[in-house]
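Survey of secondary and tertiary structure
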Amino acid sequence: MKLQDLMVYMMMKLLMGCWCSLALLLMLAFGTAHGGNVTYDRRSLIIDGQYRILFSGSIHYPRSTPEMWPDLIAKAKEGGLDVIQTYVFWNLHEPQKGQYDFSGRRDLVRFIKEVQGQGLHLTLRIGPFIESEWTYGALPFWLHDIPGIIFRSDNEPFKFHMRNFTAKIVNMMKSANLYASQGGPIILSQIENEYSTVERAFHERGLTYIRWAAQMAVELQTGVPWIMCKQDDAPDPVINTCNGLTCGETFKGPNSPNKPSLWTENWTSQYPAFGEETRLRSAEDIAYNVALFIAKNGSYVNYYMYHGGTNFDRTASAFVTTAYYDDAPLDEYGLVRQPKWGHLKELHAAIKSCSEPLLYGTQTIFNLGTQQEAYVFRKNSTVCAAFLENSAYRDATIQFQNVTYQLPRQSFSILPDCKNVAFNTAKVNTQYNIRAMQSQLKFSLTEKWKVHKEAIPSYDDTSLRENKILDHLSTAKDTSDYLWYTYSIHADAPNAQSVLSVFSRGHVLYAFVNEELVGSAHGSHKNTDCNLEIKINLRKGKNGISLLSATVGLPDSGAYLEHRTAGLYKVTVDGRDLTSQSWGYQVGLLGEKLQIYTAIGSSIVHWEYLGNSTNPLTWYQSIQLSWDHIDAPAGNDPVALNLGSMGKGQAWVNGQNIGRYWVSFHTPKGTPSQQWYHIPRSFLKPAGNLIVLLEEETGNPLGITLDTVVYNFTLW
């Protein structure tokens, strides 16, 4: 960095420090994060009688661990946020009908109290359908088997269970005094989620359902407002809100003159799917669109996600990676990602320093050029703020109040006193940082691994039989990703060559003949179907065809979700249709049933040492030469498992599933969508850790490393 550049940089930081101090004073003047009466009018939410400009960030409690929550929330607060926003995950809390679980990562009350303890507000998005790239949109799969049910429609069975769960969550919040009306941090609640995207599919029952949902929610009497996101016809008094990248441009506005403009999902990047490139979003673009929304009288902006976290276990929806919104201001591991975190922090401070004219002043819009405008908010002759916009894709020089200003392309300059520029959305003053993975332990010796080959079931091994091909989802019921379809076929001659054709609605298919893998196929995020046509050799007499169907998460969106199917729907051999023949089925893998990924379960089966070759559908267990298992890396840096040498499967650490991996499904650029898989420190013991992998393909465990995650700064 040149000396002249360094001096300019230091002067800008000093100026920003002044504006940050002013913003802090104004924040104190306009109230701190504690409970009280929450109302609203057309300008903003009103908390304890004070109008508020609120910045919020989505942090989902089950996508991290309780041990991570305090640090995540503290970093969000330091980044200038006022509110934490989270969904509630129905299928996580009620996996079986009437059986509830709020332990560990599911401890919603503990999470909200942590938010409260750090002086922040909370928006609770109950849903209970949430989408969120979460398997089945967080609807518990047992709903699928309720007779006559139609999800998210004016359907009595669905409404009965939706009302029950919503009421349970509301009553739980009330019992813990967590609503702002009780002195708690919850200032908003959400019912349903982006229903307008499917409403037309239900015709008149869509409109009556959304009216019912709003009335049901309001009647629960939380004492705080309810919202519906992406729902232009949200019934009064429910507030309709915007989701998207550019709500300053696309939001039609509140559907009633007494409702405020709220932005519930400002996407900080885009969630990736296996086989697809991650679509990133710059800090400058996010800041520009936030400034535009505020300039157009918006008063609440939520970053989705502020911390994406990890889709542990099998919770990711169809084809979605285990890492979730890793490019958010806080990355998957909870580390600050620059310049996104710092740039937005400066934006928040600059906007907060304009709070008084924004909230109590009168807006006037001036044209400054062909694609330049000034949004001026004036309370009186001395209290004034201006947002100067250049929407052109080239820099511009403009005159505002007889002063010349330089506006970079696609940017806003924020003037808290209508004179001095406190912040420009396109000028990044925060240093960039780059993430680095540091190898702490290699697993490159064959002696470090034991293997157990998963049994390939035959038709005779199965107890579930049907004279038809069953739907994967209806049969497995989300208890496992896997469903075996088995068939017994007779050949009259030795080495008889036949053509096996398998048609599947996804997501992944492995074909075994007489326990030998003969072929495989898979779909993608955009097209889940996968078909297979291969030549097979049959021995004389009885032959076993075993077809393994694997899902990579359940669908999370769309109308009539209860009618979605997966898995096989047609099989032929030499053109002979076997669809209506007798098939045998096995839900899940034997290793799953025995829980061989746990210390107790692993002792039930026989493990062999790793040889010179790898086989499909194999379990791998890590061992150490000089001690029982693996020590946790020293220090506090996050830990990740580098699975770049593997194919596809799942990974467990001390019995806890850290998620699906699929390294062999490359992006168009020829790289894995995800190579490193987060192991939270709380999953690890100081010593004696057990790592178990289920490898569906033929990955090489000798290339696995245990890494720690750090960031290194660059000059710019």
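In this report, we go over the structure that sits alongside the text. Per-chain numbering applies: the sequence of each chain, read as written, is numbered from 1 onward. Only residues with pLDDT of 70 or above have their local features reported here, since the model is predicted, and side-chain atom pairs are shown and tallied only from 80 upward, although totals for entire chains, interfaces and linings are computed over all residues. Only hydrogens and water are set aside when side-chain values are computed; all heavy atoms of the structure are taken into account.

1. Some words on the overall build of the chain
Where we set the bar: Numbered from the N terminus, helices here are DSSP runs of H or I no shorter than four residues, and strands are runs of E no shorter than two. With the radius of gyration taken over C-alpha atoms, the globule rule is written as 2.2 Å times the number of residues to the power 0.38. For the exposure calls, accessible area comes from a 1.4 Å probe over protein chains only, and a residue counts as buried if that area is under 20% of its type's maximum, exposed if over 50%, partly exposed in between. Contact definition: two residues touch when any of their heavy atoms are within 4.5 Å. For accessible areas, the Shrake-Rupley method is used with a probe of radius 1.4 Å. Any residue's cover is judged against the shown protein chains and nothing else. When charges are counted, neither His nor the chain ends are considered; positive counts come from Lys and Arg and negative counts from Asp and Glu. Note that the charge is assigned to NZ on lysines, CZ on arginines, CG on aspartates and CD on glutamates.
Across its full length, the chain holds 13 helices and 38 strands. For 716 residues, the compact-globule formula gives about 27 Å, and the C-alpha radius of gyration of the chain, at 28 Å, lands near that figure. Dimensions of the chain, computed from C-alpha atoms along their principal axes, come out at roughly 100 × 65 × 50 Å. Buried positions account for 60% of the 716 residues belonging to the chain. Restricting the contact set of the chain to residue pairs at least 6 apart, pairs at least 24 apart contribute 73%. Counting every atom, the chain has about 27800 Å² of accessible surface; 50% of that belongs to carbon and sulfur. Averaging the locations of the 62 positively and 67 negatively charged side chains of the chain gives two centres separated by 3 Å.

2. A look at the sheet that holds strand 1 (residues 38-40)
Hydrogen bonds along the backbone pair up the strands of a sheet, which may run parallel or antiparallel. Note the threshold: DSSP bridges decide pairing: two strands pair if at least two such bridges lie between them.
Judged by pairing direction, the sheet is antiparallel, and its 3 strands sit side by side in the order 1-2-3 without closing on themselves. At either margin of the open sheet sits one strand with a lone partner, and together these are strand 1 and strand 3 (50-51).

3. Examining the state of the cysteines
Here is the rule we go by: By disulfide we mean two sulfur atoms from cysteines, separated by a distance within 2.5 Å.
Summed over the entire model, instances satisfying the criterion amount to 2 disulfides. With its sulfur 2.0 Å from that of its partner, Cys242 forms a disulfide with Cys247. Between Cys242 and Cys247 the disulfide shows an S-S torsion of about -85°. By sign, it is left-handed. Look at Cys247 and you get buried, because its relative accessible area is 1%. What pairs with Cys384 in a disulfide is Cys418, and their sulfur atoms sit 1.9 Å apart. Taking the sign of the torsion about the S-S bond as the criterion, the disulfide between Cys384 and Cys418, at about -65°, is left-handed. Of this pair, Cys384 sits in strand 14 (residues 384-390) while Cys418 sits in the loop between strand 17 (411-415) and strand 18 (423-424), and the two are 34 residues apart along the sequence. The pair Cys384 / Cys418 is uniform in exposure class, with both members buried. Among the cysteines around Cys229, which has no disulfide bond, Cys242 carries the closest sulfur, lying 9.5 Å off.

4. So, helix 4 (residues 108-117)
This is how the line gets drawn: Directions pointing from the helix axis toward each C-beta atom define the arc.
Of the residues making up helix 4, those classed as buried are Leu108, Val109, Phe111, Ile112 and Val115. Buried residues of helix 4, seen end-on, are gathered within an arc of 160° and therefore sit on one face of the element. Packed against the buried residues of helix 4 are strand 4 (54-59), helix 2 (69-78), strand 5 (83-87), strand 6 (121-127), helix 5 (156-175) and strand 7 (186-191). In the segment just after helix 4, Gly119 is the residue with positive phi, at about 80°.

5. Quick look at the layout of surface pockets
Empty space among the atoms becomes apparent when a probe as large as a water molecule is rolled across them. What counts is decided by this rule: Here the term cavity refers to a set of points on a 1 Å grid, laid over the protein atoms alone, in which a 1.4 Å probe fits but cannot get out; the term pocket refers to an open set having protein on both sides within 12 Å along at least five of seven lines, with lining residues being those that place an atom within 4 Å of a point. Grid points are joined across faces, edges and corners, and a volume is the space filled by probe spheres set on the points. We call Asp, Glu, Lys and Arg charged. Ala, Val, Leu, Ile, Met, Phe, Trp, Tyr, Cys and Pro are nonpolar, and the rest, Gly among them, are polar.
The calculated volume of the largest pocket comes to roughly 1200 Å³. As for the largest pocket, its lining consists of 41 residues, of which Arg106, Asp313, Arg314, Asp478 and Thr479 are closest to the centre. For the lining of the largest pocket, the secondary-structure elements that each account for two or more residues are helix 3 (90-93), strand 30 (583-587), helix 12 (590-593), strand 34 (648-653) and strand 35 (656-662). In terms of residue count, helix 12 provides more of the lining of the largest pocket than any other element does, 3 residues in total. Here the residues of the lining of the largest pocket are counted per class, giving 14 nonpolar, 17 polar and 10 charged. For the second largest pocket, the calculated volume is near 870 Å³. Contributing to the lining of the second largest pocket are 33 residues, with Thr278, Leu280, Asp326, Arg337 and Arg435 lying nearest its centre. By residue number, the principal contributor to the lining of the second largest pocket is strand 19 (residues 433-442), which donates 4 residues. A per-class count over the lining of the second largest pocket returns 12 nonpolar, 11 polar and 10 charged.

6. Thoughts on the packing of helix 8 (residues 283-295) against helix 9 (residues 340-352)
In plain terms, the rule: To get an axis, a line is fitted to the C-alpha atoms, and for a helix only the part in contact is used. The angle between two axes follows their N-to-C directions and goes from 0 to 180 degrees. In this scheme, roughly parallel covers angles under 35 degrees and roughly antiparallel covers those over 145, while 65 to 115 is roughly perpendicular and the rest are oblique. What makes a crossing left-handed is the near helix being turned counterclockwise from the far one by less than a right angle; a clockwise turn instead makes it right-handed.
For the pair helix 8 and helix 9, interaxial distance at closest approach is 9 Å and the crossing angle is 20°. With respect to helix 9, the axis of helix 8 lies roughly parallel. By crossing handedness, the relation of helix 8 to helix 9 is classed as right-handed. Contacts from Ala283, Glu284, Ile286, Ala287, Val290 and Ile294 of helix 8 reach helix 9 at Lys340, His343, Leu344, Leu347 and Ile351. Taken together, the residues of the contact of helix 8 with helix 9 sort by class into 8 nonpolar, 1 polar and 2 charged.

7. What about the sheet that holds strand 4?
Spatial ordering of the closed barrel is given by 4-5-6-7-8-9-10-11, a layout of 8 strands whose pairing is parallel. Strand-to-strand, the axes of this sheet are offset by a mean angle of 30°, without reference to chain direction. Bridge count between strand 10 (residues 261-267) and strand 11 (residues 298-307): 5 bridges; the pairing is parallel. Bridging across to strand 11, Trp267 finds its partner in Tyr304. In this fold helix 6 (residues 204-218) packs onto strand 7 and strand 8 (226-229), with an angle of close to 150° to the strand it touches most, strand 8.

8. Quick notes on the environment of Asp461
Worth spelling out the cut-off: For the purposes of these results, a polar contact is taken to be a pair of N or O atoms within 3.5 Å, where, inside protein, one atom must be able to donate a hydrogen and its partner to accept one; residues adjacent in sequence count only when each atom of the pair is a side-chain atom.
Within the secondary structure layout, Asp461 lies in the loop between strand 20 (449-453) and strand 21 (464-466). On the basis of relative accessible area, Asp461 is assigned to the exposed category, the value being 52%. Taking the C-alpha atoms as reference points, Asp461 and Thr486, separated by 25 residues in sequence, lie 9.0 Å from one another. Within the structure, Asp461 has its side chain in polar contact with the backbone nitrogen of Ser458 (distance 2.9 Å).

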